[in-house]
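Descriptive structure summary
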Amino acid sequence: MRLLPFLASAIVTIGVVFVLNTQLTIGPTKSPKLGYFLSPQQGFWKNAEIVNTNFDASIVAGELKGNVDVYLDDRLVPHIYADHDEDAYFVQGYLHAKYRLWQMDFQTRVASGRLSEIAGADKLSIDRFFRRLGMVYGAEQTEANINATNPVMKATVDAYTSGVNAYLKQLAPEDLPFEYKLMNYEPELWTPKKTYLFLMFMSYDLTGHSVAADLQLTNTRDFLGYDLFSKLYTNNQDSLDPIIPKGTVYQKPSIIPIKPVNADSTYLLHKSGVAYNLQTKFETSPEAPNKNNGSNNWAVAGSKTKSGRPILCSDPHLGLNLPSLWYEVQITTPTHSTYGASFPGSPAVIIGFNDSLAWGVTNAGRDVLDYYELKFKDSTENEYWFNGEWKSVTKRKEVIKVKDSADVVEEIAMTHWGPAMYDAHYQNPQSKGRNLAVKWTAHNASAGVETFYQLNRAKNYDDYLHAISLWTCPGQNFVMATKSGDIAIKQQGSFVARWERQGDFIMPGQDSSYDWQGIIPNEENPIIKNPIRGFVSSANQKATDITYPYYLGTATSFPLYRGISVNKHLITMSQITPQDMQALQTNNYNVFAETARPALMRYLQTDKLSTDAKRMVEELSHWNLFNEEGSKGITVFKIIWDSVEQAVWGDELAGSDIPLTKPDAYVLLDQLLKDSNWSIADDIRTKNKIENFKDQVALGVENATKKLLELEKENKLEWSLFKATRVMHLTKIPALSRMNLPIGGGVNIINATTENHGPSWRMIVHLTDEIEAYGLYPGGQSGNPGSPYYDSFVNYWAAGKYYHLLFLSKEKLIKNERTKWHIQFKTA
Amino acid sequence: MKIIISILLCALLAYAVGIYGNLPWWSFVVTNLIVAIVVPQKSFHSFLFGFLSIGLLWGGLAIAIDQGNHHILATKVATILPLKGSYISLIVLTSFVGALLGGLASLTGSFIKMK
């Protein structure tokens, strides 16, 4: 043995193994363990799925009561046939895990503030945000309540959980999903709590807009003063076409919320007197839920369709991600047969149809989250002033594990209102040093999972009403249609009976006078069944006109124009077919621009414009008002409109140390139409000149032209190139995402596709004897970036095409030519 | 003959220990080392055969997988790493990483028992 060369060689070998087996820090991210990652037998190569994989399998699971057959169709949609309901949910859990394990794990980690555990201290601020908001607290309430009071749901979630875990237990290390290998961590067993955490995250996604908006509106009001504020953020929406048609008569309210006597002086006109503590370390909050988290849904009665049978349409608009939030599935047991989009992480179908009834949801947008300002006795935060005395808090401990670092412990003061989210230990620029407790309906135990369980089995209108009566948060507009010909829509959730402007801003929390005075009884929530006009619809607009006896919340929460567009089309349509409905769901008509373009043109003195601006205005006036993929007119319109807005209220909003909420487009449009000498049009920074709309439109067009010329140079004037719609992988890694999709649409458009947001599941159900259904989502059934089924629907989705959904009995499905594979689940 | 035996043996054993995901990915370092002891070579030759055995094994497996996968995943990974999205570069890198370590392992083994 040659000792020295041996030692030298051994050390080098060990050194190379060590380096290749370590995550290296590259800029802000960490590399995978390169040797492991590249190993063809263990690393990412194992996730490179053979393109024509045979998915046939036979699985033995002792947890099952009976055998279960799963057939996968050519789009990899499973059709589950089970003899027992619980077995079906076991298999659903197994399949969710088989195809979407990493995503399920990741989403619940976000919801429960456990990202730092895998990604390090970098993600600590996101974790602290969700912990302090009470996400884990809320999920615990739901879990305890279901375990104590709801044996059927407990059994359902338990069966789902053991299905996920049955997959996990047989998963070999080399077959871990790709992202685990990339980020170097391992999955852990599923628990029922993770299901509730996931549903909690949906509550956050759909009602959490207020987490940021209430702070921003408060700061905006403080900056502008209430008088100016109420002009720019008016609650009047002149052109509103509500979900429940105007003129509907509402019953007398059972709760009449009383506005506190000092509200005008201490609440609305309040100027924040809080000292801005510059020493405070600010945390960055996660990006607030998109204001456009919304959706369209509608149902047309047989009187308006060619077949004489109802057609129901639903397209929830959410962040567009890969792997998709949705996973298609058919579940057939002796009690029901249901098809639709499910959430990996939760049992049952969320939006879909069964053999009697179809249902869909849009977000209600009602405000169910408020801030109350606290006064702590001292820096221990053990006591706070409430109703004339010092009251003790209880302290809730949340331990955040941090990769490569010590644990971080959040001690959250729990108050009468809820968790004290912002205090001396946690501030962001918008919270401005205040101590704020959060009161949120999502903190209360929810039986939401049962709503879907019941909807999956609903046979008629009464079943539907019963199912949704259990629903509390996030408030939704549930649309339904039955084979027997009924259509209906109801706005359902736990909604606070509010006095006008209650909770739009941070409220005083030192006594109970600003507390919620009740939850509106379910029977008083807006509902309409079989209206004469032959359709029901919703698109996140306000549910009712002002004759409804309760305050719905600040108008800025409610998009106006999509609803107008949907109703405008539906009113004129007749002899409707599913193909007509496909055209409507993907319709790109810009109803806002239909009014806004002539309103702008009225103030435009073309002869005074520069040559380039004239050319742009020419482009605008020839535009066909459709947000089509290749349209330049819409890009010109958007840039000009934004510039005019900036010219009109940029001066009022200038000079704030933090970003303020931008007023909604309808505010300016309504004023342009009124032809008034609106005082806001004046640029308050020019002392010796009073500007009017003509000046501001001219300025807006010239400013816009500069931007447009730049875009023209970059060849980005065409709408889809400008908008650059993308479907992002949850890690935001571009290589795993689909970028720059050729698709039209946008804000205010029925096809509500913006940059990274839009129709996340398009569904059309024709309630004929044999149900005829179409649908797709911008993703694919497999969550594996190495699978051809990872993004297989994306191109079709962008093109506005649909798949005919296979919803068949077992006998018929087996014979169908689109049925490709068979997975047998056998009880031991 | 010895050349072929040692390359084949290295590759075969490396493949065998690679099947078990519970063993570390670098288990072939140990098998290469053992082969270098059992089938003694000159140091340089040992390195070369170790290099070739794992390089061919990893490269070959990667090529086979990538063909079956129509380059779907390799193209994505080659964008992340970053290799400008070239699946060929990624296969070369994979092969080289395995080869380098395989060579070093065999070299180390060759010093234990020299003629």
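Please read these numbers as outputs of a predicted model, since none were measured by experiment. (Residues numbered from 1 in each chain as written. Chains lettered and ligands numbered in written order. Predicted model: local features only at pLDDT ≥ 70, side-chain atom pairs only at ≥ 80, totals over all residues.)

Attention shifts here to the overall build of chain B. Tallying secondary structure elements over chain B gives five helices and zero strands in all. Dimensions of chain B, computed from C-alpha atoms along their principal axes, come out at roughly 50 × 25 × 25 Å. The buried share of chain B, taken over its 115 residues, is 54%. The long-range share in chain B, meaning contacts at least 24 apart out of those at least 6 apart in sequence, stands at 72%. (Helix = DSSP H or I, 4+ residues; strand = E, 2+ residues; numbered from the N terminus. Buried ≥ 20, exposed ≤ 12 C-beta atoms within 10 Å, placed from the backbone. Contact = placed C-beta atoms within 7 Å.)

Take the overall build of chain A next. When helices and strands are counted, chain A shows 24 helices and 31 strands. Relative to the globule expectation of 28 Å for 828 residues, the C-alpha radius of gyration of chain A, 28 Å, shows essentially globular dimensions. Oriented by its inertia axes, the alpha-carbon framework of chain A measures out at about 90 × 75 × 65 Å. Relative to its full complement of 828 residues, chain A shows a buried share of 54%. For chain A, long-range pairs separated by at least 24 residues make up 72% of all intrachain contacts whose partners lie at least 6 apart in sequence. (Rg over C-alpha atoms; globule rule 2.2 N^0.38 Å.)

Each partner contributes residues to the interface: chain A has 37 residues there, and chain B has 35 residues. Put simply, the parts of the chain that give the side of chain A that touches chain B at least two residues each are α1 (3-20) and α2 (34-38) of chain A. Residue contributions to the side of chain A that touches chain B peak at nine residues, all from α1(A). Among the residues forming the side of chain A that touches chain B, the class breakdown is 24 nonpolar, 10 polar and three charged. (Nonpolar A, V, L, I, M, F, W, Y, C, P; charged D, E, K, R; others polar.)

Let's shift gears to the nonpolar core. Generally speaking, a soluble globular protein has its nonpolar side chains buried in company with each other. Residue and element names in this part refer to chain A. Core analysis: the largest hydrophobic core is formed by 173 residues, its most contacted members being Val 91, Met 200, Ala 299, Met 480 and Val 765. Residue contributions to this core peak at 14 residues, all from helix α3 (residues 85-111). In contact with Met 480, not counting residues within four places along its chain, are Ala 299, Leu 357, Ala 358, Trp 359, Tyr 464 and Ala 488. (Core = buried A, V, L, I, M, F, W, Y, C linked by C-beta atoms within 7 Å.)

Residues and elements named next belong to chain A. In spatial order, the strands read β18-β19-β13-β22; together these four strands make up an open sheet with mixed pairing. Edge positions in the sheet fall to β18 (420-422) and β22 (507-508), since each has one partner strand and no second. Where strand β13 (residues 369-373) and strand β19 (residues 436-440) come together, five bridges link them in antiparallel fashion. Bridging from a neighbouring strand, Tyr 371 pairs with Val 438 of β19. (Pairing = 2+ DSSP bridges.)

Here we take up the pairing of strand β25 (residues 725-729) of chain A. Residues and elements named next belong to chain A. Burial of β25 is one-sided: the residues Thr 725, Val 727 and His 729 facing one way are buried, the residues Arg 726 and Met 728 facing the other way are not. In the sheet, strand β8 (residues 321-322) pairs with β25 via two bridges, with the strands oriented parallel. Bridge pairing in β25 places Leu 322 opposite His 729. The sheet contact formed by β25 and strand β26 (residues 738-741) spans two bridges and is antiparallel. Note on β26: the bridge partner recorded for Val 727 is Arg 738.

Further remarks concern the pairing of strand β31 (residues 819-826) of chain A. Two faces, one strand: in a regular strand the side chains alternate between the faces of the sheet. Residue and element names in this part refer to chain A. Here four bridges tie strand β3 (residues 57-60) to β31, and the two strands are oriented parallel to one another. Paired with Val 60 across the strands is Lys 826, a residue of β31. Examined bridge by bridge, strand β4 (residues 68-73) and β31 share six bridges and lie antiparallel to one another. Looking across to β31, one finds that Leu 72 is bridged to Trp 821.

On to helix α4 (residues 72-80) of chain B. All names here are of chain B. Most of α4 sits out of view: seven of its nine residues are buried. Listed as buried for α4 are Ile 72, Leu 73, Ala 74, Lys 76, Val 77, Ala 78 and Ile 80. Where α4 is buried, its residues meet α3 (43-68) and α5 (87-112).

All names here are of chain A. Helix length check: helix α19 (residues 633-653) (21 residues) gives 29 Å between terminal C-alpha atoms against 30 Å at 1.5 Å per residue, within 8%. The sharpest bend along α19 measures roughly 40 degrees and falls at Ala 647. Among the 21 residues that make up α19, 15 are buried, leaving the element largely enclosed by the rest of the structure. After α19 finishes, the residue Gly 655 shows a positive phi value of roughly 95 degrees. (Expected span 1.5 Å × (residues − 1). Bend = angle between axes of the 7 residues up to and from the residue.)

Taken together, the three strands give an open sheet; going across it, the order is β8-β25-β26 (chain A), and neighbouring strands pair in mixed fashion. The strands lining the two open edges of the sheet, one partner per strand, are β8 and β26 of chain A.

Residues and elements named next belong to chain A. The omega torsion across Leu 322 and Pro 323 is -10 degrees, close enough to zero to call that bond cis. Here Pro 323 is to be found in the loop between β8 and β9 (327-333). Note the cis peptide between Cys 473 and Pro 474, where omega equals -5 degrees. Inspection of the secondary structure assignment puts Pro 474 in the loop between α14 (461-469) and β20 (476-482). Unlike most non-glycine residues, Arg 501 shows phi in positive territory, near 75 degrees.

Attention shifts here to the confidence of the model for chain B. The predicted model of chain B averages 92 in pLDDT, with 97% of residues at 70 or higher. Taking the mean pLDDT of every element in chain B, the minimum, 91, falls on helix α1 (residues 2-19) of chain B and the maximum, 96, on α4(B). (pLDDT = per-residue confidence, 0-100.)

Next up on the list: the environment of Gly448(A). Residues and elements named next belong to chain A. With respect to the element layout, Gly 448 can be found in helix α13 (residues 448-457). A C-alpha to C-alpha distance of 24 Å links Gly 448 and Ile 764, two positions 316 residues apart in sequence. Ignoring sequence-local partners within four residues, the contact set of Gly 448 consists of Leu 199, Trp 471 and Thr 472.

Residue and element names in this part refer to chain A. Among the secondary structure elements, Ala 121 is positioned in the loop between α4 (116-119) and α5 (124-133). Residue classification places Ala 121 among the partly exposed positions, given that 15 C-beta atoms sit within 10 Å. Sequence spacing of Ala 121 and Tyr 233 is 112 residues, and the spatial spacing of their C-alpha atoms is 39 Å. Ignoring any residue separated from it by four or fewer positions in sequence, one finds Ala 121 in contact with Ser 116, Val 402 and Ser 405.

All names here are of chain A. In the contact formed by helix α17 (residues 591-602) and α19, the axes pass within 12 Å of each other and the chain directions differ by 60 degrees. Judged by the twist between their axes, the crossing of α17 over α19 is left-handed. Two secondary-structure elements touch here, α17 through Ala 593, Ala 596, Arg 597 and Leu 600 and α19 through Phe 637, Ile 640, Trp 641 and Val 644. Of the residues in the contact of α17 with α19, the class split is seven nonpolar, no polar and one charged. (Axes fitted to C-alpha atoms, helices over the stretch in contact; angles between N-to-C directions. Left-handed = near helix turned anticlockwise from the far one by under 90°.)

A word on the environment of Val152(A). Residues and elements named next belong to chain A. If you trace the backbone, Val 152 turns up in helix α7 (residues 151-170). The exposure class assigned to Val 152 is exposed, which follows from the 12 C-beta atoms found within 10 Å. Considering only alpha carbons, one finds Val 152 and Tyr 453, 301 residues apart in sequence, at a separation of 9.8 Å.

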